[in-house]
Amino acid sequence: MVRGSRWRRRPLVIGALIVLAAGLALGLYWFEPWKLWVDRTVEEALPSTSAAPSVSGTATPAPGPVTVAQGTLISHEHTTTGTVRLLRLADGSHVLRLEDLDTSNGPDLRVWLTDAPVKEGREGWHVFDDGEHISLGALKGNKGDQNYAVPPGVNPADYTSLSIWCDRFDVSFGAARLDRP
């Protein structure tokens, strides 16, 4: 009789192991914990536009980008440092530039322009998806200097802050208020 009950429990144990393995695989997929130990450094040059032809036919250098807003990143969910500059290029387009960025890597990180206020501490972690925001794309790397084009038709003056946003967990890794000179 002991031997029979042992055989009846075996499918339960196998089923529990399958459920545990599936849960572990799903957890690894969802949280991507290895990204906490993997850094991606991006070093992009300051954006510029090409030289414009002059009346005499020779090319004249295009004026450099003009900083129209800037800020310093503060930490939210993860320690985040660096500066942010919103640049207007000679052709009238805008680029958001992250300089000396240093944050944690994570799943599904995005660069958002928002109209939300930047708040210190935990109360600032979840405010950026409450109002207007526009994604400038996936974060290219968690370290370095990076450029993100502001889409045509978007008025940068409508946005007062930037967030490095984890779209998977709806939380800000770090943010900066964009101060205009």
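Residues numbered from 1 in each chain as written. Predicted model: local features only at pLDDT ≥ 70, side-chain atom pairs only at ≥ 80, totals over all residues. Heavy atoms only, no water.

Draft legend 1. Highlighting the overall build of the chain. Helices and strands together make up the secondary structure of the chain, namely 1 helix and 12 strands. Listing the helices and strands of the chain from first to last along the sequence gives α-β-β-β-β-β-β-β-β-β-β-β-β. A burial count over the chain gives 36% of its 181 residues as buried. Total accessible area computed for the chain in this model is approximately 10,700 Å², and 59% of it derives from carbon and sulfur atoms. (Helix = DSSP H or I, 4+ residues; strand = E, 2+ residues; numbered from the N terminus. Buried < 20%, exposed > 50% of the residue type's maximum accessible area, 1.4 Å probe, protein only. Areas by Shrake-Rupley, 256 points an atom, 1.4 Å probe, with all protein chains shown as cover.)

Draft legend 2. Structural detail: the environment of Arg 97. With respect to the helices and strands, Arg 97 occurs in strand S7 (residues 94-102). Linking Arg 97 and Ala 149, residues 52 residues apart in sequence, is a C-alpha distance of 8.7 Å. If sequence neighbours within four positions are ignored, Arg 97 has contacts with Glu 44, Ala 45, Leu 46, Pro 47, Thr 83, Val 84, Arg 85, Leu 87, Asp 145, Gln 146 and Asn 147. Here Glu 99 takes part through its side chain, which lies 2.9 Å from a polar atom of the side chain of Arg 97. (Contact = heavy atoms within 4.5 Å. Polar contact = N/O pair within 3.5 Å; in protein donor to acceptor, adjacent residues only side chain to side chain.)

Draft legend 3. Looking closely at the pairing of strand S11 (residues 161-166). For S11, the tally of buried residues reaches 6 of 6 residues, placing the bulk of the element in the interior. Burial along S11 is two-sided: Ser 161, Ser 163 and Trp 165 facing one way and Leu 162, Ile 164 and Cys 166 facing the other are all buried. The pairing of strand S8 (residues 109-114) with S11 spans 6 bridges and is classified as antiparallel. Looking at the pairing, Thr 114 lines up with Ser 161 of S11. Pairing between S11 and strand S12 (residues 171-177): 6 bridges, direction antiparallel. Within S12, the residue paired with Ile 164 across the bridge is Gly 174. Two successive antiparallel strands, S11 and S12, enclose a turn made up of 4 residues, where Asp 170 displays a positive phi of approximately 50 degrees. (Pairing = 2+ DSSP bridges.)

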